[in-house]
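Spelled out from the first residue to the last, the chains are:
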Amino acid sequence: MIDDGPKSPTFDAGQRIILPDLEKLGADSVDLILLSHPDRDHVGGTGALLKAFPHTRIAISQQFLTDPHLQAELGEWGMHTGDILWLGDSAQIRTGNFTLTVKDPPLPAGAPDNDGSMFIHLVNGPASAVFSGDADASTEIRMEPTENWSSEVLKVGHHGSRTASDPSWLFAVHPTYAVVSCGRNNDYGHPAPVTLQNLEAVRAKVFRTDLQGDIEFDFDAKMGFVPSTP
Ligand SMILES: [Zn+2]
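None of these values were measured; they are calculated from a predicted model.

Enquirer: Would you mind showing me how to read unusual backbone geometry here?
Expert: One can expect most non-glycine residues to show negative phi and most peptide bonds to be in trans. Of note, the amide linkage connecting His 190 to Pro 191 takes the cis form, showing an omega dihedral of -10 degrees. Positionally, Pro 191 belongs in the loop between strand E11 (177-180) and helix H7 (193-201). Backbone geometry at Asn 185 places phi at a positive 50 degrees, although glycine is not the residue there.

The following block contains the structure:
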């Protein structure tokens with residue numbers, strides 16, 4: 001799992017969305033949760049998931065080791081620093097038949113958490129996807145040369161914000177499908193019109209959680225990822 005959604009006093013994405021979805025899928029365990037960065041809209045569901053699946057491992061970039069928000073979250077999850085798999089600049093992880101290449105952009109001093117978001121390239125035969133958390137365009141440009149990011153599916157950076165999805169990054173990934181995760185009628189105006197235009201320019205078919213709810217892909221050993229959301 002890559003990130004697990006928001007939590008507020010009235011809404012817990014882990015409890016309300018992810019656990020029911022996992023039950024529908026018949027999942028009886030979660031091997032690993034990669035948390036892109038410690039913002040509450042990305043790590044909020046972790047507590048509920050750990051309650052349901054206490055053997056799940058959690059991986060986070062080591063540059064967030066002393067992050068005060070994250071330390072508070074760990075306390076809420078009943079975890080200690082030593083329970084987390086802290087990832088360095090680069091890591092390869094095998095899970096099932098998927099290989100995950102993880103790259104953590106060095107977070108410049110004083111830069112917001114977003115720009116330390118984990119970049120993940122997930123590959124299984126013809127199926128491939130890229131995730132970049134809430135990293136901004138300058139971080140995308142810095143990360144571009146570190147890997148061949150070309151992928152079928154792009155999880156569009158920073159909820160489709162205009163501050164991410166640099167045209168050169170979109171060109172490097174050249175996705176067939178692009179998924180924007182953002183709230184219905186959100187206050188931020190995600191996704192930005194310019195982002196949608198840039199996605200159109202690389203001819204990606206765009207899916208949006210604000211309009212379509214859950215976006216699902218099936219895995220096919222010959223075809224790769226096949227969207228099952230119309
Ligand atoms: Zn976010």
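Enquirer: Could you clarify how one ought to interpret the sheet that holds strand E9 (residues 127-131) in this entry?
Expert: Adjacent strands of a sheet form backbone hydrogen bonds with each other and so pair up, either parallel or antiparallel. Spatially, seven strands are ordered E6-E7-E8-E9-E10-E11-E12 in an open sheet, and the strand pairing comes out mixed. One side of each edge strand has no neighbouring strand; the edge strands of this open sheet are strand E6 (90-95) and strand E12 (205-208). This sheet shows a mean twist of 15 degrees between the axes of neighbouring strands, independent of strand direction. When E11 meets E12, the two strands line up parallel, connected through four bridges. Across the sheet, Tyr 177 pairs through a bridge with Lys 205, a residue of E12.

Enquirer: Just checking my understanding: could you explain a negative patch on the surface for this structure?
Expert: Taken together, the side chains of Asp 214, Glu 216, Asp 218 and Asp 220 define an acidic patch exposed on the protein surface. Examined against the element boundaries, Glu 216 turns out to sit in the loop between helix H8 (209-212) and strand E13 (217-220). Take Glu 216: its relative accessible area is 43%, and that puts it in the partly exposed class.

Enquirer: Explain the domain arrangement of the chain here, please?
Expert: How big an interface is tends to be reported as the loss of accessible area on association of its parts. Its domain assignment divides the chain into domain 1 (1-87) and domain 2 (89-230). Here the C-alpha centroids of domain 1 and domain 2 sit 20 Å apart. Contact residues are listed per partner, giving 20 residues for domain 1 and 21 residues for domain 2. For the domain 1 and domain 2 pair, buried surface summed over both sides reaches about 1500 Å², with 58% attributable to carbon and sulfur atoms. When the buried surface of domain 1 facing domain 2 is broken down by residue, Ile 2, Gln 63 and Leu 87 rank first, second and third, together holding 33% of it. Where domain 1 touches domain 2, the interface holds zero salt bridges.

Enquirer: Teacher, can you tell me more about the sheet that holds strand E4 (residues 57-61) here?
Expert: Taken in spatial order, the three strands line up as E3-E4-E5 in an open sheet, and their pairing is parallel. Edge strands, defined here as strands with exactly one partner in the open sheet, are strand E3 (32-35) and strand E5 (85-87). Strand-to-strand, the axes of this sheet are offset by a mean angle of 25 degrees, without reference to chain direction. Across three bridges, the pairing between E4 and E5 is parallel. From the neighbouring strand, Ile 60 faces E5, where its bridge partner is Trp 86.

Enquirer: Would you take a moment to explain the coordination of the zinc ion for this structure?
Expert: Those protein atoms acting as donors to the zinc ion are Asp 41 (OD), His 42 (NE2), Asp 134 (OD) and His 159 (NE2), and they sit at 2.0 to 2.2 Å. Its four donor atoms give the zinc ion angles of 87 to 151 degrees at the centre, a pattern that matches the irregular case. If you list the donors of the zinc ion from N- to C-terminus, the spacing comes out as D-H-x91-D-x24-H. Separated by 92 residues along the polypeptide, His 42 in helix H2 (residues 40-43) and Asp 134 in the loop between E9 and helix H5 (137-143) bring together distant segments of the chain. Relative accessible area serves as the criterion here: at 3%, His 42 is assigned to the buried category. Given the relative accessible area of 3%, Asp 134 is considered buried.

Enquirer: How should the nonpolar core be read in this particular structure?
Expert: Nonpolar side chains in soluble globular proteins tend to be buried together. Core analysis: the largest hydrophobic core is formed by 20 residues, its most contacted members being Ile 58, Ile 60 and Trp 77. Ranked by size, the runner-up nonpolar core spans 19 residues in total, among them Leu 122, Val 179, Phe 207 and Phe 225.

Enquirer: What is the right way to look at the environment of Asp 39 in this model?
Expert: For Asp 39, the position within the fold is in the loop between E3 and H2. We classify Asp 39 as partly exposed; its relative accessible area is 23%. Between the alpha carbons of Asp 39 and Asp 113 there is a distance of 7.6 Å; along the sequence they are 74 residues apart.

Enquirer: Would you mind going over the packing of aromatic side chains with me for this structure?
Expert: Within a pair of aromatic rings, the relevant descriptors are the distance that separates the centres and the angle that separates the planes. Considering all chains together, one arrives at 10 aromatic pairs under this definition. Ring geometry for Tyr 177 and Phe 217: centres 5.6 Å apart, planes at 55 degrees, overall tilted. Residue Tyr 177 is located in strand E11, and its partner Phe 217 is located in strand E13; the two are separated by 40 residues in the primary sequence. The exposure class of Phe 217 is partly exposed, given its relative accessible area of 23%. Three or more aromatic residues link up through ring pairs in this structure, and these residues are Phe 98, Tyr 177, Phe 207, Phe 217, Phe 219 and Phe 225.

Basis of the calculations
- Residues numbered from 1 in each chain as written.
- Predicted model: local features only at pLDDT ≥ 70, side-chain atom pairs only at ≥ 80, totals over all residues.
- Heavy atoms only, no water.
- Helix = DSSP H or I, 4+ residues; strand = E, 2+ residues; numbered from the N terminus.
- Pairing = 2+ DSSP bridges.
- Axes fitted to C-alpha atoms, helices over the stretch in contact; angles between N-to-C directions.
- Patch = residues over 30% accessible without salt bridge, like charges linked within 9 Å, V, L, I, M, F, W, Y side chains within 5 Å.
- Areas by Shrake-Rupley, 256 points an atom, 1.4 Å probe, with all protein chains shown as cover.
- Salt bridge = Lys/Arg side-chain N within 4 Å of Asp/Glu carboxyl O.
- Lys, Arg positive; Asp, Glu negative; His and termini not counted.
- Charge placed at Lys NZ, Arg CZ, Asp CG, Glu CD.
- Buried < 20%, exposed > 50% of the residue type's maximum accessible area, 1.4 Å probe, protein only.
- Domains from an automatic or database assignment.
- Contact = heavy atoms within 4.5 Å.
- Buried area = accessible area lost by both parts, 1.4 Å probe.
- Donors = N, O, S within 2.8 Å, 3.2 Å for Na, K, Ca; no water.
- Tetrahedral: all angles 85-135°; square planar, octahedral: opposite > 155°, others 65-115°.
- Core = buried A, V, L, I, M, F, W, Y, C linked by side-chain atoms within 4.5 Å.
- Phe/Tyr/Trp six-rings, centres within 6.5 Å; stacked < 30°, edge-to-face > 60°.

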